[in-house]
Amino acid sequence: MAESLGSLKRTHNCAQLRVEDIEKEVILTGWVQRRRDHGGVIFIDLRDREGITQVVFNPEENSEVHEKAHGIRSEYVLAVKGQVVNRLEGTVNPNLPTGAIEILVSELKILNEAKTPPFMIEDGIDIAENLRLKYRYLDLRRPSVAKGFVMRHRVSTAVRAFLNGQGFLDLETPMLTKSTPEGARDYLVPSRVNPGAFYALPQSPQLFKQMLMVSGFDRYYQIVKCFRDEDLRSDRQPEFTQIDMELSFVDREDVMSLTEAMMKHIFREVLDVDFKESFPVMTYEEAERRFGLDKPDIRFGLEHIDLSGMMKGCGFKVFADVASKGGLVKAINVKGGATFSRKDLDDLTSYVGNYGAKGMAWIKVTESEWQSPIVKFFNDDEIGQIAEKTGAEVGDLLLFGADKPAVVNESLGMLRNELARRLGLVDKGTYSFLWVTDFPLLEFDGQAKRHVAIHHPFTAPLDEDMHLLDSEPGKARSKAYDLVLNGSEIGGGSIRIHQQELQQKIFELLHISEEEASSKFGFLLDALQYGAPPHGGLALGLDRIVMIMSGADSIRDVITFPKTQKASCLMTEAPSTVEPEQLTELNLALNLPKKETT
RNA sequence: GGGGCCGUAGUUCAGUUUUGGUUAGAACGCCUGCCUGUCACGCAGGAGGUCGCGGGUUCGAGUCCCGUCGGCCCCGCCA
């Protein structure tokens, strides 16, 4: 039977005691990691959040307590009182920080018993993820899992310390808010008091933080949950946490340098990593041209080489056609890649197929020849140009993409990352930040047949591109900036529009009617007329940052109770159906699709 | 919505293809007993299976076929 704690208040945690503490009377509490019962003496490894200490039950010292200890099993919860003693010579455990001492127990309380857990509570074992998630509270007891959450705490602590020191106010914004047309799908919450009306959970506190700038709070931050009802990925959960910031009277260099200082502070505090240099800054155009992606991993080379110019009118019709019709022909020179097998090349071809590439041409540069299915189409002059532009040398592998620019850039951009993984070009534990700036303001949505905002509709255009809004809005660039870490987008922001006329003009360009703008964003347009200061800000993905810093493969590893790919929680079994009365009260009726019967 | 991988003792897996066939194995864990210096304790013994679920083919299905549920990775979606 479980006992109450009584007077056994712990004096130390399970990672604390050392040789200096010998002869002290201490009380430890924790879980039973392992029991080694020798019939006579019994050893128990007692575990808490901090570590493990060996406790000993010796029948010659205390037979009553020793007898009681026979019933102890894995994961029982104990409080033990005893003396810190030196371990006998030759029995010191060098693998344990507390391995030089042990606790000779004089009093034992079994605070709780435990069923045999569905998996062993220890590191270095393989457990199916669905089992881990169902018993997440047990999974979180494993030291390597818990480690990520300790780091997460240290990151958010460092963020708060830094921003508090810079004069930021931590202000909360509503979780029950208004559904907005642009952006991701909203999570909706029905209003009981207002039949037929719904709140939306915030995709981010974007408009509220802008309102706070109009209010004159000047510098705001919040570590806040955001919600997006879109499909999940290993780095995407439906609810996630942003470090959300907004500042008044700033331009983008101010926001970027402050963010940079904060990231450096975090890495110094948490990982003891110092960044001496400023983070590199690259325009969107340069990122796409050199790496094919707007979030390039710049820890390795394999840069894209644009061959579109020389391919116009070349002997290989596929390339010539693409090049002359405004498409892109790009190559990557994989140094030493001539050793790739036919299967490697097939794998890579199907890999780029994921991103819309219809094929992938290749040339192996060997001692004797250019080995390739396409080399026969080129004349000597063309081969010479390819060699010169790509810097091809014996032993290299040239990979080609030719298609619409978007397809070539994305497929070769992702291919570049995949090649780096295969070739082992990146070490875990290296960190490389990059700012990407000068994004296009708008993007044409072929389906909706209108322009949509790349960042969001409140992003200011570059001053020098303002004149393009009337003539060629698609060419206007914005005051938006993204922060990239190791090829992952970890944050982004912009200088906002603080003038009502410009905001209205952007809504017009986005084909958001006056009525819609006024019904969805009326409060913003109003506020901009009451002395809105110039302002801008940024939001960072806390989960992604901690994931990268802790070396985790998935964002789930740094979220205490994450959801599966079908957005369900295996522990609570959310989401679930509700009682009909609850629906009635909300004036809701279900309209489920009928199951196909065949 | 689409593509791929996976589902067998509590857990991790083998067995499934190429050959459908008696009683589905291993390791760890668990239980019982023994054991006074272990730390992955040791020794002896034992229990434990809806082969994800449903249907079909067959004399016979873990194995073949169809459907379905669930987990993971990716595309679409999402900044």
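Quick notes on the rules
- Residues numbered from 1 in each chain as written.
- Chains lettered and ligands numbered in written order.
- Predicted model: local features only at pLDDT ≥ 70, side-chain atom pairs only at ≥ 80, totals over all residues.
- Heavy atoms only, no water.
- Helix = DSSP H or I, 4+ residues; strand = E, 2+ residues; numbered from the N terminus.
- Buried < 20%, exposed > 50% of the residue type's maximum accessible area, 1.4 Å probe, protein only.
- Areas by Shrake-Rupley, 256 points an atom, 1.4 Å probe, with all protein chains shown as cover.
- Lys, Arg positive; Asp, Glu negative; His and termini not counted.
- Charge placed at Lys NZ, Arg CZ, Asp CG, Glu CD.
- Near = heavy atom within 4 Å.
- Polar contact = N/O pair within 3.5 Å; in protein donor to acceptor, adjacent residues only side chain to side chain.
- Nonpolar A, V, L, I, M, F, W, Y, C, P; charged D, E, K, R; others polar.
- Disulfide = S-S within 2.5 Å.
- Salt bridge = Lys/Arg side-chain N within 4 Å of Asp/Glu carboxyl O.
- Core = buried A, V, L, I, M, F, W, Y, C linked by side-chain atoms within 4.5 Å.
- Contact = heavy atoms within 4.5 Å.
- Phe/Tyr/Trp six-rings, centres within 6.5 Å; stacked < 30°, edge-to-face > 60°.
- Pairing = 2+ DSSP bridges.

Engineer: Break down the overall build of chain A for me, citing the residues and quoting the values.
Structural biologist: Tallying secondary structure elements over chain A gives 17 helices and 22 strands in all. Counting only C-alpha atoms, chain A reaches 95 × 75 × 65 Å along its principal axes. Residue burial in chain A is summarised as follows: out of 598 residues, 48% are buried. Carbon together with sulfur atoms contributes 49% to the accessible area of chain A, which is approximately 30,400 Å² in total. If you average the places of the 71 positive and of the 90 negative side-chain charges in chain A, the two averages end up 3 Å apart.

Engineer: Any details on the protein's contact with RNA strand B? Residues and values, ideally.
Structural biologist: Around RNA strand B sit 47 residues, and of these Arg34, Glu60, Thr91, Glu230 and Asp231 come closest. Within 4 Å of the protein, the atoms of RNA strand B are drawn from sugar and phosphate moieties in a proportion of 55%. His38 places a polar side-chain atom, nitrogen or oxygen, 3.3 Å from a sugar or linking oxygen of RNA strand B. Looking at the surface near RNA strand B, the elements with two or more residues in it are β1 (25–37), β2 (42–47) and α2 (129–134). Class assignment for the residues of the surface near RNA strand B results in 13 nonpolar, 16 polar and 18 charged.

Engineer: Give me the environment of Thr157: which residues, what numbers.
Structural biologist: Its location among the elements puts Thr157 in helix α4 (residues 143–165). What makes Thr157 partly exposed here is its relative accessible area of 39%. Separated by 113 residues in sequence, Thr157 and Val270 have C-alpha atoms that sit 9.6 Å apart.

Engineer: Can you break down unusual backbone geometry residue by residue, with the values?
Structural biologist: The omega torsion across Ala574 and Pro575 is -5 degrees, close enough to zero to call that bond cis. With respect to the helices and strands, Pro575 occurs in the loop between α16 (542–550) and α17 (580–585). Positive phi, normally seen in glycine, also occurs at Asp438, with a value near 60 degrees. On the secondary structure map, Asp438 appears in the loop between β17 (433–437) and β18 (442–445). We note that His511 has phi near 60 degrees; this positive angle belongs to a residue other than glycine. Relative to the elements of secondary structure, His511 occurs in the loop between α14 (500–509) and α15 (514–527).

Engineer: Report on the state of the cysteines, specifying residues and quantitative values.
Structural biologist: Scanning all chains against the criterion turns up zero disulfides. The structure places no disulfide on Cys226, whose sulfur is separated from the nearest cysteine sulfur, that of Cys569, by 20 Å. For Cys226, a relative accessible area of 0% gives the class buried.

Engineer: Explain the pattern of salt bridges to me, using residue names and the numbers behind them.
Structural biologist: Under the counting rule described, the total for this entry stands at 46 salt bridges. Between Arg496 and Glu246 there is a salt bridge; the shortest N-O distance is 2.7 Å. Placement of Arg496 in the loop between β21 (488–495) and α14 and of Glu246 in strand β10 (residues 239–248) is noted, with a sequence separation of 250 residues between them. As a salt-bridge pair, Asp344 and Arg422 come within 3.9 Å of each other at their nearest N and O atoms. Here Asp344 is found in helix α10 (residues 342–353), whereas its partner Arg422 is found in helix α12 (residues 405–423), with 78 residues between them in sequence. Assessed through its relative accessible area of 24%, Asp344 is described here as partly exposed. With relative accessibility at 37%, the residue Arg422 sits in the partly exposed group.

Engineer: Provide a residue-level description of the nonpolar core, including the pertinent values.
Structural biologist: Residues Met263 and Ile266 are the most contacted members of the largest nonpolar core, which totals 67 residues. Considering every element that reaches this core, the biggest residue donor is helix α6 (residues 252–271), with eight residues. Apart from the residues within four sequence positions on either side, Ile266 is in contact with Val155, Ala158, Val159, Leu271 and Met549. Of all hydrophobic cores here, the second largest spans 23 residues; its members include Ile363, Val365, Phe378 and Ala392.

Engineer: Please set out the packing of aromatic side chains residue by residue, giving values where relevant.
Structural biologist: On inspection of all chains with the given rule, the structure shows 18 aromatic pairs. Taken together, a centroid distance of 5.3 Å and an interplanar angle of 80 degrees make the contact between Phe267 and Phe433 edge-to-face. Linking Phe267 in helix α6 with Phe433 in strand β17, this pair joins segments that are 166 residues apart in sequence. Between Phe275 and Phe433 the ring centres are 5.3 Å apart and the planes differ by 75 degrees, which places this aromatic pair in the edge-to-face class. Of the two residues, Phe275 sits in the loop between α6 and β11 (281–283) while Phe433 sits in strand β17, which places them 158 residues apart along the sequence. Take Phe275 and Phe433: they sit in the same class, and that class is buried.

Engineer: Describe the pairing of strand β20 (residues 480–485), and please don't skip the residues or the numbers.
Structural biologist: β20 sits mainly inside the fold: six of its six residues count as buried. Residues Ala480, Asp482 and Val484 of β20 are buried on one face, and the alternating residues Tyr481, Leu483 and Leu485, pointing to the opposite face, are buried as well. Connecting β20 to the antiparallel partner β21 that follows it, the hairpin turn spans two residues, and Asn486 within it adopts a positive phi of roughly 50 degrees.

Engineer: Account for the pairing of strand β3 (residues 52–57), naming residues and giving values.
Structural biologist: Counting buried residues in β3 gives five out of six residues, a clear majority hidden from the surface. As defined by bridge partners, β2 adjoins β3 across six bridges and the pair is classed as antiparallel. Bridge pairing in β3 places Leu46 opposite Thr53. Hairpin connection, β2 to β3: the antiparallel pair is bridged by four residues.

Engineer: Give me the lowdown on the side chain of Ser554, citing residues and values where you can.
Structural biologist: By secondary structure assignment, the location of Ser554 is in the loop between α16 and α17. For Ser554, a relative accessible area of 6% gives the class buried. Within the structure, Ser554 has its side chain in polar contact with the backbone oxygen of Ser234 (distance 3.4 Å). At a separation of 2.9 Å, a polar atom in the side chain of Ser554 contacts the main-chain amide nitrogen of Arg556.

Such coordinate-based values are descriptive only and should not be taken to indicate function.
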